[in-house]
Amino acid sequence: MAKDSAPVRMIRKVAVLGAGTMGSRIAAHVANAGIPVVLLDMVPSGTGRDAPKSERSKFALTALELLKKSKPAALYTVDSVRLITPGNFDDDLGLIASCDWIVEAVAEDLEIKQGLYKKVFQHRSPDAVLTTNTSGIPIASLAEALPVEVKPFFFGTHFFNPPRYMRLLEVIPLAETDHDAVAAITHFCDQRLGKSIVTSRDTPNFIANRIGTFSMANAIRLMQQQDLSIEQIDALTGAPLGWPKTGTFRLGDMVGIDVLAHVAKNFEAKAARIGDERADVKLPDFIATMLEKKWLGDKVGQGFYKKQGKDAEGRDVRLVLDWKTLEYSPTERPKFASLEMAKNIESTSARVAQLLKGDPASDKAAQFYWALLTELFTYAANRVSADGSEPAANIVEIDTAMRTGFNWELGPFEMFDAVGVLATTEKMRAAGTPVAENVERLLKWTEKNNEPNPTWYKDDASVPSGRLYFDPFSESYKPVPAVSGTASLATIQKARGVIRKNAGASLIDLGDGIAAIELHSKMNALGGDIVSFVTQTLKASGEHVANFEGFVITGDSANFSVGANLMQLLLTIQDEEWDEVDLAVRAFQGMTQAIKFCPRPVVVAPYGMCLGGGVEMSLHAAARQAHAELYMGLVETGVGLIPGGGGCKEMLLRSIEAGSSIRPDARGESVEIFEAIKKNFETIAKATVSTSAAEAYGLNFLRHSDDVTVNRDRLVVDGKLRARALADAGYVPPVPRADIPAPGESILATLKLAVWTMREGEYISDHDVKVANHVAKVLTGGAVVPGTLVSEQYLVDLEREAFLSLCGEKKTQDRIAFTLKTGKPLRN
């Protein structure tokens, strides 16, 4: 783990050696951080020294072109590619002399890597850090070829693909590795690359791949043993367990079956060599046959599943493989009664506990889960050691690795706690199943200390992280390490409690005079509970405004908010409760106005999906502290509506600000304002969503004064610091404006003409025209004389009228219903 204080050593320039899929994406993510990168690869075979540079550096240049087109996007914005300098090992190794960190990511071959290192020594700066991204070769073996003076600066940094999105970075230091060198890299990767750092020993496959590969291979073994299908395994090993919804085999298709086989083969060979008790877990013969047939997964359109085009609603149609016959057949939704019941349980911990309560004798799902989870618990417990023989020094490293490297919601030991350690081990003993020695140590300690409920973790508000973990070697509970500047609202709640809450939101004291409004409804959909809570909390006359000096609106969930509660809205429309719809829109507008005009600074810290009403909350805040992975957009037109909570009004104000300093043309109109309105109109009408926080700046959802946090674990603290800074600077809230110069009828006519042209070209439907014209009306202030002074209230009244009008349209209602059913927009 990195030191709490920032190391003196700075990382100002990076070199990545190897421009393959992994190396090029590591380079891309470093460029995302605004750091210059040198990306080098070998000269193509047969290319002479007199060949053009473009040919000799073909591999690196091709990688840059692929990065620009990659999906999911490797770059925050395509412009970031300018920070990457491509080259080759023969001509350009001299470029690494100015680099503070050199990352080797070439082929998994000991001789190739060590041969490259010998070339690197000729150019490397004496204090530059050299790390390897290997996942299959012992770090110590690689270090054997290093000069004595280089060894302190060498260790492993194992990224997970794709590096931009996968948060885990496994750091593998050797005994001779310099602590300050490790601290410099971990500090940089934490703060600039957003990585969750886990320290692993130099053992086969390190931590995450060791346990993840075991889990996947064991699921396949159990499928054959219990006569289950590929579809059934994917249904069982996906979302119900809090694992990625792809399950086992869809993930295999996405990763590539050849890649999966390579990792598994490496795992099998090394497990046998080190005497692993589960060396029998290996991929079955039918996968070898698939490799021979080159059924490699999504990259060839055929693997465990086979693509068959799309259905009428635009969804992928797939056939599924019968692993017994190797023939494909139409997919069918697997049905397990216990699984259907568990799906209604929102809490992952409670859901996993419920899944393990079934009777294995009568329930195939319960039979599978019992074997899968108990074997996982044992395997994970055996991967912790005090002597360095196993990859992890403690259980926290394992749980963190699986959450951030494989996107599990709970690590193995957190799952073990959820299902009950004592009850589960008693059943294991009764069935004659071995119990791991480290588990026995936990049970003996709790029995010795008269604790009836043994758990791997305990809550403890007295330690910074708010949690303790059981260390089986010292036979004591120790604080879960807390990195300075990181926090979650859940941890803060345990220490400080909740001031007030309802079903959709909570008010939490963050300390230093700042409070957080946490959103915690399902998908953080903005219903009446959140609207009323935020409004009451932030109103000028309220006790909370008097008790705190600033507020942060954020959450701990995967997404900030998917927008307004569409189901609630549709039901009200279908009941023709038009007064209720009107009141709901007014209430929503009242909430966004409360955010904007609150006497205390309100900082919104959005992350993940921030759509519709979530964007409107952000637009009205005094400042935004955004997470780098921010998918932000006013998407209301996709369901036949327009932003009705002041979103159009705020985008108009930003358009006017953009052109206010520009000299008007002969008609007294600013060309810059028109261009800004046109751009914002297109953004709203097309329901454009940013692919990153960097792109959200270009869409005018974020201002240049707004800040971005790259590490998700730091967002709450950074948001609090931003609110504190605004308060310390003597924050004064804005005053509702009544002097907004409306762009008026001329720009409105121009926008409507553009809409008409799109319809004539059959790019949009008649209903799209109606929706877009409503957007145009609000963004220009309507058919008024240009320059007419209007108020903010006038503009939100226009929004509300348009919103209500569109709610009454049958095609809008059809769009809402379709989106609720499929999660996709309907173009009718």
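As the structure is a prediction and not an experimental result, all values here were calculated from the model.

Undergrad: Please clarify how helix H32 (residues 792–807) should be interpreted in this entry.
TA: Three or four residues apart is the spacing at which side chains of an α-helix point the same way, because the helix has 3.6 residues per turn. An ideal rise of 1.5 Å per residue puts 22 Å on 16 residues; H32 measures up with 23 Å between its terminal C-alpha atoms. Listed as buried for H32 are Glu792, Leu795, Val796, Leu798, Glu799, Arg800, Ala802, Phe803, Leu806 and Cys807.

Undergrad: How should I be thinking about the confidence of the model for the protein chain in this particular structure?
TA: Atom-level detail of predicted coordinates should not be read off regions where pLDDT is low. The predicted model of the protein chain averages 93 in pLDDT, with 96% of residues at 70 or higher. Every residue in residues 662–668 is under pLDDT 50, and counting partners more than four places away or in other chains gives 5 contacts.

Undergrad: What should I look at first to understand a negative patch on the surface in this one?
TA: Together, Asp575, Glu576, Glu577, Asp579 and Glu580 line one region of the surface with negative charge. Relative to the helices and strands, Glu576 resides in the loop between helix H23 (566–574) and helix H24 (578–597). Residue classification places Glu576 among the exposed positions, given a relative accessible area of 57%.

Undergrad: For this particular structure, what's the right way to read the packing of aromatic side chains?
TA: Here the distance between the centres and the angle between the planes together describe a pair of aromatic rings. Scanning the entire structure with this criterion turns up 19 aromatic pairs. Every member of this aromatic cluster is reached through a ring pair, and the members are Phe377, Phe413, Phe416, Trp445, Trp456, Phe470 and Tyr477. For Arg467, the ring lying beneath its charged end belongs to Tyr457, and the centroid distance is 4.0 Å. The ring of Phe533 carries the charged tip of Arg500 above its face, separated from the ring centre by 4.2 Å.

Undergrad: Explanation requested: unusual backbone geometry in the structure shown.
TA: As a rule of thumb, non-glycine residues mostly have phi less than zero, and peptide bonds are mostly trans rather than cis. With omega at 0°, the peptide bond leading from Lys71 into Pro72 counts as cis. Locating Pro72 in the fold gives a position in the loop between helix H3 (58–69) and strand S3 (84–88). Non-glycine residue Asp227 carries a positive phi angle of around 55°. With respect to the secondary-structure elements, Asp227 resides in the loop between helix H8 (208–225) and helix H9 (230–236). For Asn524, which is not glycine, the phi dihedral falls at a positive 55°. Examined against the element boundaries, Asn524 turns out to sit in the loop between strand S17 (514–519) and helix H21 (528–538).

The rules behind these values
- All residue numbers refer to position in the chain's written sequence, counted from 1.
- With pLDDT at 70 or above as the cut-off, local features in this predicted model cover only qualifying residues; side-chain atom pairs require 80 or more to be listed or tallied, and sums for whole chains, interfaces and linings still use all residues.
- Each side-chain value is derived from all of the structure's non-hydrogen atoms; neither hydrogens nor water enter the calculation.
- A run of DSSP states H or I qualifies as a helix once it reaches four residues; a run of E qualifies as a strand once it reaches two. Both are numbered from the N-terminal end.
- To estimate the expected span of a helix, subtract one from its residue number and multiply by 1.5 Å.
- The buried label goes to any residue with under 20% of its type's maximum accessible area, the exposed label to any with over 50%, and the partly exposed label to all in between, with areas taken from a 1.4 Å probe on protein chains only.
- For every residue, the predictor states its confidence as a pLDDT score lying anywhere from 0 to 100.
- By definition, residues are in contact when any of their heavy atoms lie within 4.5 Å.
- Patch definition: residues above 30% relative accessible area lacking any salt bridge, with like charges linked at up to 9 Å and the nonpolar side chains Val, Leu, Ile, Met, Phe, Trp and Tyr linked at up to 5 Å.
- Accessible areas in this description were obtained via Shrake-Rupley with a 1.4 Å probe; residue shielding takes into account the shown protein chains only.
- Salt-bridge detection follows one rule: a side-chain nitrogen of Lys or Arg within 4 Å of a carboxyl oxygen of Asp or Glu.
- Note on charges: Lys and Arg go in the positive column, Asp and Glu in the negative column, and His and the chain ends are not counted at all.
- The location of each charge is read from NZ of Lys, CZ of Arg, CG of Asp or CD of Glu.
- Only centres within 6.5 Å qualify two rings of Phe, Tyr or Trp (six-membered ring in Trp) as a pair; their planes then separate them into stacked at under 30 degrees, edge-to-face at over 60, and tilted for everything else.
- By definition here, charges over rings are those cases where NZ of Lys or CZ of Arg is within 6 Å of the ring centre and within 35 degrees of the ring normal.

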